[in-house]
Amino acid sequence: MGNPNVNTQIARSARVEIEAPVAGARKTLVSLFSGGGGLDLGLEAAGFETVFATDIDPHSCITLEMGKQYATKHNLPFLRAAKIKEADVAHLSSNEILTAIGLKRGEVDLLAGGPPCQAFSVFGKRKGVEDPRGLLAFEYLRLLREIQPKAFVFENVFGLLTINDGEVFEELCKKLERPCKGVHYALSVFRLNSADYGVPQFRDRVFVIGNRAGTTIAEIPKICSETPTGELLRYRTVSDALRGLPILGETLPNHVGRRHSKRIMDRYARLDFGERDSRTRINKLDPDRPSFTIIVGSDKGGGKGHVHPYEPREVSPRESARVQSFPDWWAFSGTSRHPIRQVGNAVPPLLAACIGREIMSQFFAGPRRTLGEILELLGQEHLFPEGLD
């Protein structure tokens, strides 16, 4: 498995045109647990083409459909070839997926997704089997075994590394490495923080990348650092994330805030940057630092943004989406808790793109897109006001 401790440079590049893909050269992506589409957006920005995306949540699927329609209309390379299906993954067969995309077992280039992790103790000692969320890991493994893609990405919270003193993660990796007889994946494992990859948010996640051809990825080169050097840029901040946003309620989708009582607004106004509110247990954002990790909440609600750095209110779902590096045109379906749950559950697209370009270049000998190209595709130029050399 690869070394998760990475610390190297990337080449910084000016904006350039993205060449159209050569016919027949596309690298296909099947996306499971797609949610609000963060992993798909990033991997497509790196050059992959989503051909199938699925989630059990109807609002997430509507989000993906709206994104596909917008991208098609505006000639953007996101989800335009995707078959989007609302489905319980436990009832989704590999034959259905492969038939829908016109490919056979072993022909899909990349399988990607992050099943919910709350009950991963089903591995090893098999505790928590009664929790259906834990069984979703087995559904990922089942589809990996049946589709047999050339490569895969498995994403989850970093706490997965230490459940049962690491036994759960070790068992998971054994199953990912050899999902069935005669099929073997070489694994690269990384614990990554999104702030190191230009995302204006501290978000710690683990990624397991598998390759059927037997090669591994040694590192996912960082872009940013808290102590920038000649090789690494400074961390992107909340101020970078919110740069150029219109006032609340105008122009952009999901840019609507919660109504607060005067008592709550007064309490928020008294908070210092970085301080946690004792009642709502959310933090006031520091404009000169990356954001705290976005809070998702439970299935019944509770997801909310942090406190705006300058206004006595919680940030809007659009402001949270900026913190996650979603494009402004990417609209989230639903009202109230639905958009913030999609935003909070997502892999930041910019982080996903940094991972995807290493997979594309090292596993598939495809072009390794520059940071400038990725930022332009994802509409994230506001994060780097100093420009890129």
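It should be emphasised that the depicted structure is a prediction, and the values quoted were computed from it without experimental measurement.

1. Quick look at unusual backbone geometry
Here comes step 1: Look at N75: it is not a glycine, yet its phi comes out positive at around 55°.
Here comes step 2: Counting through the fold element by element, N75 comes out in the loop between α2 (58-73) and β3 (83-86).
Here comes step 3: Note on N75: relative accessible area 58%, which makes it exposed.
Here comes step 4: For Q148, which is not a glycine, the phi torsion comes out positive at approximately 50°.
Here comes step 5: Along the chain, Q148 falls in the loop between α4 (132-147) and β5 (151-157).

2. Some thoughts on the packing of helix α1 (residues 38-45) against helix α10 (residues 349-364)
Here comes step 1: Across the interface, α1 lies against α10 with an axial gap of 7 Å and an inter-helix angle of 45°. One way to sum up the angle between α1 and α10 is to call them oblique. In this structure, α1 meets α10 at a crossing whose hand is right-handed. Contacts between α1 and α10 involve G38, L39, L41, G42, L43 and A45 on the former and, on the latter, P349, A352, A353 and G356.
Here comes step 2: Looking at side-chain class alone, the contact of α1 with α10 contains seven nonpolar, three polar and no charged residues.

3. Quick notes on the confidence of the model for the protein chain
Here comes step 1: Summing up the model confidence of the protein chain, the mean pLDDT is 88 and the portion of residues at 70 or higher is 87%.
Here comes step 2: Counted against residues more than four places away or in other chains, residues 1-24, with its pLDDT under 50, gives 58 contacts.
Here comes step 3: Below pLDDT 50 for its whole length, residues 121-131 participates in 22 contacts with residues either more than four positions away or in separate chains.

4. A short note on the pattern of salt bridges
Once their charged atoms are close, side chains differing in charge can pair, the charge on each being opposite to the other.
Here comes step 1: All chains considered together, the criterion is met by 22 salt bridges.
Here comes step 2: For E146, the salt bridge identified is with R142, shortest N-O distance 3.5 Å. Of this pair, E146 and R142 both sit in helix α4, four residues apart, which is roughly one turn of the helix.
Here comes step 3: Residue classification places R142 among the buried positions, given a relative accessible area of 15%.
Here comes step 4: A salt bridge links R289 to E226; the nearest nitrogen and oxygen atoms lie 2.6 Å apart. Taken together, the residues R289 in the loop between α7 (262-270) and α8 (317-323) and E226 in the loop between β8 (224-225) and β9 (233-234) connect sequence positions 63 residues apart.

5. Regarding the environment of L383
Here comes step 1: Within the element layout of this structure, L383 appears in the segment after α11 (371-378).
Here comes step 2: By relative accessible area, L383 is classed as buried at 0%.
Here comes step 3: For the pair L383 and L242, spaced 141 residues apart in the sequence, the C-alpha separation amounts to 8.8 Å.
Here comes step 4: Setting aside residues no more than four positions away along its own chain, L383 makes contact with G198, P200, R236, D240, A241 and L350.

6. Observations regarding the nonpolar core
Here comes step 1: Counting 62 residues, the largest nonpolar core has F78, I209, I220, I359 and F384 as its most contacted members.
Here comes step 2: With ten residues, the single largest contributor to this core is α10.
Here comes step 3: Counting 34 residues, the second largest nonpolar core, distinct from the first, contains L111, L160, V183 and V189.

7. Considering the sheet that holds strand β1 (residues 27-31)
Here comes step 1: What the seven strands build is an open sheet, ordered β3-β2-β1-β4-β5-β7-β6; its pairing is mixed. Each of the sheet's edge strands pairs with one partner strand only, and the pair in question is β3 and β6 (186-193). The sheet shows a mean angle of 15° between the axes of neighbouring strands, taken without regard to direction.
Here comes step 2: Bridge count between β6 and strand β7 (residues 204-211): eight bridges; the pairing is antiparallel. Bridge assignment links L187 to a residue of β7, and that residue is G210.
Here comes step 3: Those strands touched by α1 are β1, β2 (48-55) and β4 (110-113), and its axis lies near 170° from that of β2.
Here comes step 4: On top of the sheet, α10 reaches β1, β2, β4, β5, β6 and β7; it is set at about 20° to β7, its chief contact.

8. What about the pairing of β7?
Here comes step 1: The buried fraction of β7 is high, at eight of eight residues.
Here comes step 2: The alternating pattern of β7 places D204, V206, V208 and G210 and R205, F207, I209 and N211 on opposite faces, both of which are buried.
Here comes step 3: Pairing analysis gives seven bridges linking β5 to β7, with the strands arranged antiparallel. Residue pairing for β7: F154 is matched across the bridge by V208.

Parameters and conventions
Residues numbered from 1 in each chain as written. Predicted model: local features only at pLDDT ≥ 70, side-chain atom pairs only at ≥ 80, totals over all residues. Heavy atoms only, no water. Helix = DSSP H or I, 4+ residues; strand = E, 2+ residues; numbered from the N terminus. Buried < 20%, exposed > 50% of the residue type's maximum accessible area, 1.4 Å probe, protein only. Axes fitted to C-alpha atoms, helices over the stretch in contact; angles between N-to-C directions. Parallel < 35°, antiparallel > 145°, perpendicular 65-115°, else oblique. Left-handed = near helix turned anticlockwise from the far one by under 90°. Contact = heavy atoms within 4.5 Å. Nonpolar A, V, L, I, M, F, W, Y, C, P; charged D, E, K, R; others polar. pLDDT = per-residue confidence, 0-100. Salt bridge = Lys/Arg side-chain N within 4 Å of Asp/Glu carboxyl O. Core = buried A, V, L, I, M, F, W, Y, C linked by side-chain atoms within 4.5 Å. Pairing = 2+ DSSP bridges.

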